[in-house]
Amino acid sequence: MVNGLQLLDLLRETENKMLHLHRAIDKVSSEPDFKETVSVLTVVVRDYQLQLDKMKQALGNLEINTSQNISQSSSQVQNTH
């Protein structure tokens with residue numbers, strides 16, 4: 001199981017990789033010899049974007065679950081008093 005901080009680290013790492021890929025695509029996109037390379041890198045960027053979206057969604061769900069757990073804990077404490 002991945003905690004929120006680990007997920008945030010994975011998110012940052014993936015965003016950093018995407019930044020490097022975008023730079024590489026920009027450099028080689030004007031070269032006709034690298035047309036296939038640009039296509040492959042574009043697919044890789046799409047895959048990373050899907051991973052980012054999943055991680056952001058999971059991170060958002062963690063925040064919601066944490067809020068729900070706090071609310072549940074508060075109501076349980078109030079019910080015991």
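Refer to the structure presented above.
As the structure is a prediction and not an experimental result, all values here were calculated from the model.

S.K.: Is there a simple way to explain the overall build of the protein in this structure?
M.R.: Tallying secondary structure elements over the protein gives two helices and zero strands in all. Residue burial in the protein is summarised as follows: out of 81 residues, 17% are buried. Carbon and sulfur atoms make up 54% of the accessible area of the protein, which totals about 6,500 Å².

S.K.: What should I look at first to understand the environment of glutamine 51 in this one?
M.R.: Looking at where glutamine 51 falls in the secondary structure, it is placed in helix α2 (residues 35-80). Along the chain, glutamine 51 and leucine 10 lie 41 residues apart, while their C-alpha atoms are 9.6 Å from each other.

S.K.: Would you explain the nonpolar core in this entry?
M.R.: One finds Leu11, Met18, Leu21, Ile25, Val45, Leu52 and Met55 to be the most contacted residues of the largest nonpolar core, which totals 13 residues. A per-element tally of this core places α2 first, with seven residues.

S.K.: Would you take a moment to explain the side chain of threonine 14 for this structure?
M.R.: Tracing the backbone shows threonine 14 in helix α1 (residues 4-28). Those residues within four positions of threonine 14 in sequence are excluded, and the remaining contacts are Tyr48, Gln51, Leu52 and Met55.

S.K.: For this particular structure, what's the right way to read the environment of lysine 54?
M.R.: Within the fold, lysine 54 resides in helix α2. Measuring from C-alpha to C-alpha, the distance between lysine 54 and leucine 11 comes to 9.6 Å, with 43 residues separating the pair along the chain.

S.K.: Please explain the pattern of salt bridges as it appears in this structure.
M.R.: Any two side chains of opposite charge can pair, on the condition that their charged atoms come close. Inspection of every chain in the model, using the stated rule, returns two salt bridges. The partner of glutamate 13 in a salt bridge is lysine 17, and the shortest N-O contact between them spans 3.3 Å. In this pair, glutamate 13 and lysine 17 are both assigned in helix α1, four residues apart and thus about one turn of the helix distant. Lysine 17 sits in the partly exposed class, given a relative accessible area of 35%. Between lysine 56 and glutamate 15 there is a salt bridge, and its shortest N-O distance comes to 3.8 Å. Of this pair, lysine 56 sits in helix α2 while glutamate 15 sits in helix α1, placing them 41 residues apart in sequence. Accessibility expressed as a relative area gives 41% for lysine 56, which makes it partly exposed. According to the relative accessible area criterion, glutamate 15 is partly exposed, its value standing at 34%.

S.K.: I'm lost on α1 in this one. Help?
M.R.: Every α-helix carries 3.6 residues per turn, so stepping three or four residues along brings you back to the same face. Here α1 contains 25 residues, and its C-alpha end-to-end distance of 36 Å stays within 8% of the 36 Å for a straight helix at 1.5 Å per residue. Buried within α1 we find Leu7, Leu11, Thr14, Met18, Leu21, Ile25 and Val28.

Rules used throughout
Residues numbered from 1 in each chain as written. Predicted model: local features only at pLDDT ≥ 70, side-chain atom pairs only at ≥ 80, totals over all residues. Heavy atoms only, no water. Helix = DSSP H or I, 4+ residues; strand = E, 2+ residues; numbered from the N terminus. Buried < 20%, exposed > 50% of the residue type's maximum accessible area, 1.4 Å probe, protein only. Areas by Shrake-Rupley, 256 points an atom, 1.4 Å probe, with all protein chains shown as cover. Core = buried A, V, L, I, M, F, W, Y, C linked by side-chain atoms within 4.5 Å. Contact = heavy atoms within 4.5 Å. Salt bridge = Lys/Arg side-chain N within 4 Å of Asp/Glu carboxyl O. Expected span 1.5 Å × (residues − 1).

These figures capture arrangement, not role.
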